[in-house]
Each structure stands twice: as C-alpha cells, then as structure tokens.
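This is what each chain is made of:
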Amino acid sequence: MKLTIDGRSIEAQEGQTVLDAARANGIYIPALCYHPRTGKAGRCRACVVEIEGVRGLKESCATPAREGMVVHTDTPRVMETRRTVVELLLADGHHNCLSCQASGDCELQRMAYMLGIERPGLLFDVPPEPLDESSEGIVREADKCIQCGRCVTACQNTVVNRVLAFGYRGHHARVIADDDKPLGESSCVLCGECVQVCPVGALTFTGPRKARIRPSETTATKVTCPYCGVGCQIDFHVKDNRYVYSEATETAWERQPNKGMLCVKGRFGLDFVDSPERLRSPLVRKDGKLVEASWDEALDLVASKLKTVQEAHGTDALGFFSSAKVTNEENYALQRLARVVFGTNNIDHCARL
Ligand code: SF4
Ligand code: SF4
Ligand code: SF4
Ligand code: FES
C-alpha cells in the first residue's frame, strides 16, 4: 500500500503501523514505550502524529498504516505534545545526563535534543530513590525510570521469566522485582533482556558502568556466541581493543536464531576473551606438571597415545567426543578422523547428551 508521511510517498506492508512504515523509510518518530519485541503499550504518547481527516493526535505505534493515509510527524501540535511528554518525564525523576551511563544512547535524551529542550521547564519535588546495585550484572536506577513498561513486558512475555512487574498503585506505582526485592535477591536469571529494551538509563550493565565506558563509546562487531549450538547473534562491544559488553544483535533480530535475546552466558560470559588466565598455547604433562608446548609437540603426543591404545586394545577401544561449542566443520572433521583415519564409529557430540 502507499501512504504519505511528511510529504513523502512511501510503501508500507500489510500489518505495519504508521511508526513501522515511517521507520522503515528512515523517518524519525520517537517512541518510548514501544519496542519491536515488546510491542505497543500506549503509555507514553511520544509517538503521536497528525493524520489528515482524523480527529485528535494518534499514537503512531498503535495505528495501522492504511492505503492513501496522509500523515504529519512534525506539526506544531505534534511537537507541543511531545514537548509536554518529555517535560513531564524529566520532571518526574532525577535525570542528570552529565553523569548518566546511558547518555548518548538514551531515547529520552535524544527526544529532548530533537525538540531543543535544554533544561526541564517543570520541577516536581520527587524524593530520590536508592540505587539498586545488588545484582552481579545489572544496576537499577529507579530515579531514571519513565515507567514505559518495556522491561516488564520483556521479562513477563518475551523471555517469560516473570520477575519484573508493576507494583503498588497510583503515584506509588513502580517497577518491582518479585515481591519488591533487590534485583540481586530476586529470581532474576540475568538474561539482560530488560536492560536491552530499556530506553533510558534506569537499567544498565554493571561491567561498562564500573569501567566508566558508555555504550556510545564502543564499537560493535557481530559474532556468534561460542557457548552452545543455538548460534545466538551477539553485538560484541569493544573499546580500545578490549571487550566491554554484549548485546543481542538488534539488526534484523526477527531473522536471528535468538530473536534478539540472550541467556546469561552470551550476555555476561564473554569477558574471558581478555582474561590473563586464558590458555594461549597447548599444555603437555612433563614430570607430573603441565607445561607449555608447541602445537606440533602436543599433536604428536596425542597421535602417539591414540596409536598406542589402538595397537594394544584394538580400534574400538578409542572413543571421540566432539562439542557444540565448535563449528559444524570442526565437528565434521573430527568424525572423519574417527571413522576414516582410525576406523571406529565411536564418535559422539555433547549436544546429544
Ligand atoms: S536516563 Fe537519559 S535523560 Fe535521564 S539522565 Fe540518563 S541520559 Fe539523561
Ligand atoms: S535480566 Fe531477564 S530475568 Fe532478570 S529481570 Fe531482566 S528480563 Fe527478567
Ligand atoms: S526500567 Fe526502563 S524499561 Fe523498565 S519501565 Fe523503567 S524506563 Fe521502562
Ligand atoms: S511509543 Fe507509542 S504510545 Fe509510547
């Protein structure tokens, strides 16, 4: 179907919202409560647009694109509404972009910047909230929470861990973990999906925060998680050639095997790459002690031991175990070694166990 956004004729697919269609065509409409993985929530009104022939402003995240629609994303009425949204959110918390871990990667900050808001025009007397640093991997700053609900939907419906929920009522409503426990004492499994979808600095990762490295300072390379056979696609964030943190790849996330999510291993288990304890050469045992050896020496030793067993007890005394943590090609090569070189079918794979 064809519709017009800000004077541009664009193509949209059946099932797309006005927001989807705009974003697919590089037109910026802010969205604070909507995220592609958590869906529309209709909580923030950051995404409002004007549609010709329709009364009032419409939330573009919840309005299906229709043939012939004429949409305006930047009229004075739209901008004034967005300005009010940002002003109220800034006033209803404690936002200090100068020291915020999310600065440069924050959707509220970007919105304020696009609207030319230099400082909050409203000031509410909101009591400060304590920082929750109880979790090994995640820091919660309730002072910066805009109650968009993305983390709650992500935890409840996307990863189905059901740790986060909205608790209390009215003005006291807030995101809580289990029955309002510190995150580190809750049933959180540290998948990190809530952090990945949080639009602001209310949920951040402990590692980069301690290292004083903001997401906007890192460069990301797409890698495949080495931990299991799912093959999750990870954006591996690096600064000065050192690992900083991992995020599930957002680009084309629907087509990734992990659908934009990670488990605790992919999320927090890749810092080994810079570990000084990492083995960088093979070890062989000499006089009861493991000592570094060349690859040639190590491979010759393994080959001679295998041959000794084969000659003494027959080929079927040998068994080969392969791993889901290596590539299919490496697994294939190992079964060829077992079957063709040694002549045994004693070959198995940890993913089957
Ligand atoms: S959460 Fe966003 S708006 Fe709030 S202080 Fe951090 S960067 Fe600024
Ligand atoms: S890390 Fe995962 S399990 Fe823990 S609160 Fe966030 S989404 Fe829920
Ligand atoms: S913690 Fe983040 S994702 Fe969750 S409601 Fe607050 S701002 Fe939204
Ligand atoms: S993003 Fe549309 S209402 Fe929040």
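In case you missed it, the structure is sitting above this.
Cut-offs applied
- Residues numbered from 1 in each chain as written.
- Chains lettered and ligands numbered in written order.
- Predicted model: local features only at pLDDT ≥ 70, side-chain atom pairs only at ≥ 80, totals over all residues.
- Heavy atoms only, no water.
- Pairing = 2+ DSSP bridges.
- Helix = DSSP H or I, 4+ residues; strand = E, 2+ residues; numbered from the N terminus.
- Axes fitted to C-alpha atoms, helices over the stretch in contact; angles between N-to-C directions.
- Phe/Tyr/Trp six-rings, centres within 6.5 Å; stacked < 30°, edge-to-face > 60°.
- Buried < 20%, exposed > 50% of the residue type's maximum accessible area, 1.4 Å probe, protein only.
- Lys NZ or Arg CZ within 6 Å of the ring centre and 35° of its normal.
- Salt bridge = Lys/Arg side-chain N within 4 Å of Asp/Glu carboxyl O.
- Core = buried A, V, L, I, M, F, W, Y, C linked by side-chain atoms within 4.5 Å.
- Domains from an automatic or database assignment.
- Contact = heavy atoms within 4.5 Å.

(A) Summary view of the sheet that holds strand β11 (residues 233-239). Spatially, the 3 strands line up as an open sheet ordered β10-β11-β12, and their pairing is antiparallel. Because the sheet does not close on itself, it has two edges, and the strands there are β10 (219-224) and β12 (242-248). Across the sheet, the axes of successive neighbouring strands diverge by a mean angle of 35°, strand direction being ignored. In terms of strand pairing, β10 meets β11 through 6 bridges, oriented antiparallel. Counted as the bridge partner of T224 is Q233 from β11.

(B) Seen up close, the packing of aromatic side chains. Summed over the entire model, instances satisfying the criterion amount to 5 aromatic pairs. Judged by centre distance (6.3 Å) and plane angle (80°), the rings of Y227 and F272 are edge-to-face. Placement of Y227 in the loop between β10 and β11 and of F272 in the loop between α7 (264-268) and β13 (283-286) is noted, with a sequence separation of 45 residues between them. Under the relative-accessibility criterion, Y227 is labelled partly exposed at 22%. Arranged with centres 4.9 Å apart and planes meeting at 45°, the rings of F236 and Y243 form a pair that is tilted. Classification of Y243 by relative accessible area gives buried; the value is 15%. A cation over an aromatic ring shows up here: R37 above the ring of W253, its NZ or CZ 5.3 Å from the ring centre. Over the face of the ring belonging to Y28 we find R110, whose NZ or CZ atom lies 4.1 Å from the ring centre.

(C) Main features of the pattern of salt bridges. Tallied over the entire structure, the rule returns 14 salt bridges. Here R174 makes a salt bridge to E129, at a shortest N to O gap of 2.9 Å. Pair noted here: R174 is in strand β8 (residues 174-177) and E129 is in the loop between α3 (107-115) and β6 (138-140), with a separation of 45 residues, a long-range link. When its relative accessible area of 32% is taken as the criterion, E129 is described as partly exposed. Linking E297 and K286 is a salt bridge whose minimum nitrogen-to-oxygen distance equals 2.9 Å. One end of the pair, E297, is in helix α8 (residues 295-313); the other, K286, is in strand β13, with 11 residues separating them in the sequence. We classify K286 as partly exposed; its relative accessible area is 39%. What emerges from the salt-bridge pattern is a single network uniting R37, E193 and E250.

(D) Inspection of the nonpolar core at higher detail. The biggest cluster of nonpolar side chains holds 38 residues, and the ones touching the most others in it are L32, V86, L108, I138 and L164. Elements with a contribution of two residues or more to this core: α2 (76-91), α3, α4 (150-158), β8, α5 (193-197), β9 (203-205) and β12. When residues of this core are sorted by domain, at least three fall in each of domain 1 (2-74) and domain 2 (128-274). The contacts of L108, once residues within four sequence positions are left out, are L32, V86, L89, L90, H95, I146, P199 and V200. Listed in part, the 19 residues of the second largest apolar core include A22, I27, A31 and V49.

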